[in-house]
Amino acid sequence: MPIELPPLLASSTQEGELYERLPNRRVRCLACGHRCPIPDGALGVCKVRYNAGGRLLVPWNYVANVQCDPIEKKPFFHAFPGSTTYSFGMFGCDLHCAYCQNWVTSQAIRDPDAAVTPVERSSHDLVDEAIRSGARVMVSTYNEPLITAEWGVAVFQAARAAGMATAFVSNGNATPEVVDYLRQWVDLYKVDLKSFDDRRYRRLGGRLAPILDSIQRLHDAGIWVEIVTLLIEGFNDEPDEIAALTRFIADVSPEIPWHVTAFHRDYRMQNPGDTTPQMLVRAAEIGRLAGLKFVYAGNQPGRVGDLENTRCSTCGARVIERRGFSVLEYALTPEGNCGSCGAPVPGRWGVAPTQRATNHTHRALGSEPSV
Ligand code: SF4
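The structure reproduced in this document is the subject of the present report. Small disclaimer: the values here were computed from a predicted structure and weren't measured.

Definitions and limits used
- Residues numbered from 1 in each chain as written.
- Predicted model: local features only at pLDDT ≥ 70, side-chain atom pairs only at ≥ 80, totals over all residues.
- Heavy atoms only, no water.
- Near = heavy atom within 4 Å.
- 1 Å grid on protein atoms, 1.4 Å probe; cavity = no way out; pocket = protein on both sides within 12 Å on 5 of 7 lines; lining within 4 Å.
- Sits in = over half its atoms within 2 Å of the grid points.
- Nonpolar A, V, L, I, M, F, W, Y, C, P; charged D, E, K, R; others polar.
- Pairing = 2+ DSSP bridges.
- Helix = DSSP H or I, 4+ residues; strand = E, 2+ residues; numbered from the N terminus.
- Core = buried A, V, L, I, M, F, W, Y, C linked by side-chain atoms within 4.5 Å.
- Buried < 20%, exposed > 50% of the residue type's maximum accessible area, 1.4 Å probe, protein only.
- Contact = heavy atoms within 4.5 Å.
- Axes fitted to C-alpha atoms, helices over the stretch in contact; angles between N-to-C directions.

**Remarks on the site of the ligand**
Now for step 1: Inspection of the region around the ligand gives 13 residues, with Cys-29, Cys-32, Arg-35, Cys-36 and Cys-46 positioned closest.
Now for step 2: In this structure, the ligand is accommodated by the largest cavity.
Now for step 3: Here the residues of the shell around the ligand sort into 8 nonpolar, 2 polar and 3 charged.

Structure below.
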């Protein structure tokens, strides 16, 4: 057993499904774009999946954080607006972003400062708690859900049986195999597209190509995809890069919502200034020029004009008015048609939100995660 893994995590495992056996008791993990070849007794790059005697063991039956959040916080703007999500996270990540806003859980295995105590929970415990909390959507988030995909599916199977929808909030560094594995069980998928520059992605520990490929595959699989880019001065805010990034999304589908959100200093990235509303508005304009129909600016409630609202792309009527994570006005039919012209608005809708609370965040355990 790998000595690097904390004892509770080493015992909270079961054999994974997303791997193939190689000669000499080596395995290849297929859960993320790293496709780690792992010798017997070693950990993958994420430091939570490991080879024990030629079998890949993966995280199981614990959580590091659970919390009830509005779905707008994830952010999903075209899926069950005003709903409460039950969000859970485990430990570890396949990337190591210096500005991670969930570093307490994502970097817990790498960083001794990121001390959070895991708690044993079965998939049914989580669903029972979610239902008691009034949650509509079960979300795997806070750390990278791809590296715990088998556990995520186990939770989602129980959630679906209880009538819930399911979602991943992910860096998108997937593989064709994991997209196939998830497609039956994941309704919504948020990809954090951090840059359109492969050199930048390599600094974060990843590559751009698997992420772009995954966005296309997730969309083709019929999963509802929304994309977020945290805008960071000097990192990804060059107009040419934003134009290329948003043209790529528009080529996959101009109906994919793109959220450009404001950076604030966090974790090990303390140098760039906080992103201003003006920077968000400029980036959003580039996204619109690239052909995207639904562009939103986040983390600056009330300071970005109309960029928190949804407008019908056919007639221009405002169909959802938001402020921060709150839905203020709603003018869509249960089928998701514009209340003015009747044109369909892409997304996953359902009954209109009733009066939703402005802040229905409820922390269940652990520290305060961000999405
Ligand atoms: S999830 Fe990714 S980083 Fe972790 S072992 Fe598998 S391929 Fe490697």
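**A look at the sheet that holds strand β19 (residues 326-330)**
Hydrogen bonds between backbone atoms are what pair the strands of a sheet, whose relative direction is either parallel or antiparallel.
Now for step 1: In space, the 3 strands of this open sheet follow the order β17-β18-β19, with antiparallel pairing throughout. With partners counted over all chains shown, the strands left at the sheet margins are β17 (310-311) and β19, one partner each.
Now for step 2: Note: β17 against strand β18 (residues 318-323), 2 bridges, orientation antiparallel. Paired with Arg-311 across the strands is Arg-318, a residue of β18.

**Some points on the nonpolar core**
Now for step 1: Within the largest apolar cluster, 87 residues are counted, with the highest numbers of intra-cluster contacts made by Met-138, Leu-193 and Trp-258.
Now for step 2: With 8 residues, helix α4 (residues 149-161) is the single largest residue contributor to this core.
Now for step 3: Contact partners of Leu-193, with chain neighbours within four places excluded, come to Tyr-201, Leu-208, Ile-211, Leu-212, Ile-215, Ile-227, Val-228, Thr-229, Leu-245 and Ile-249.
Now for step 4: If you look at the next biggest cluster of nonpolar residues, it comprises 14 residues, including Phe-294, Val-319, Ile-320 and Val-345.

**A short note on the sheet that holds strand β5 (residues 50-52)**
Now for step 1: Strand order in the open sheet formed by 3 strands is β1-β6-β5, and the pairing between neighbours is antiparallel. The sheet terminates laterally at β1 (13-15) and β5, the two strands that pair on one side only. Averaged over all pairs of adjacent strands, the angle between their axes in this sheet comes to 45°, without regard to strand direction.
Now for step 2: For β1 and strand β6 (residues 55-59), the ladder comprises 3 bridges, and the chain directions are antiparallel. From the neighbouring strand, Glu-15 faces β6, where its bridge partner is Leu-57.

**Some thoughts on the environment of Ile-227**
Now for step 1: Within the fold, Ile-227 resides in strand β14 (residues 224-231).
Now for step 2: Taking the C-alpha atoms as reference, Ile-227 lies 6.3 Å from Pro-257; in sequence the two are 30 residues apart.

**Some points on the pairing of β6**
Now for step 1: Most of β6 sits out of view: 4 of its 5 residues are buried.
Now for step 2: Taken together, the 3 bridges between β5 and β6 define a ladder with antiparallel strand orientation. What sits directly across from Asn-51, in β6, is Leu-56.
Now for step 3: Between β5 and β6, which pair antiparallel one after the other, the connecting turn spans 2 residues, and Gly-53 there sits at a positive phi close to 70°.

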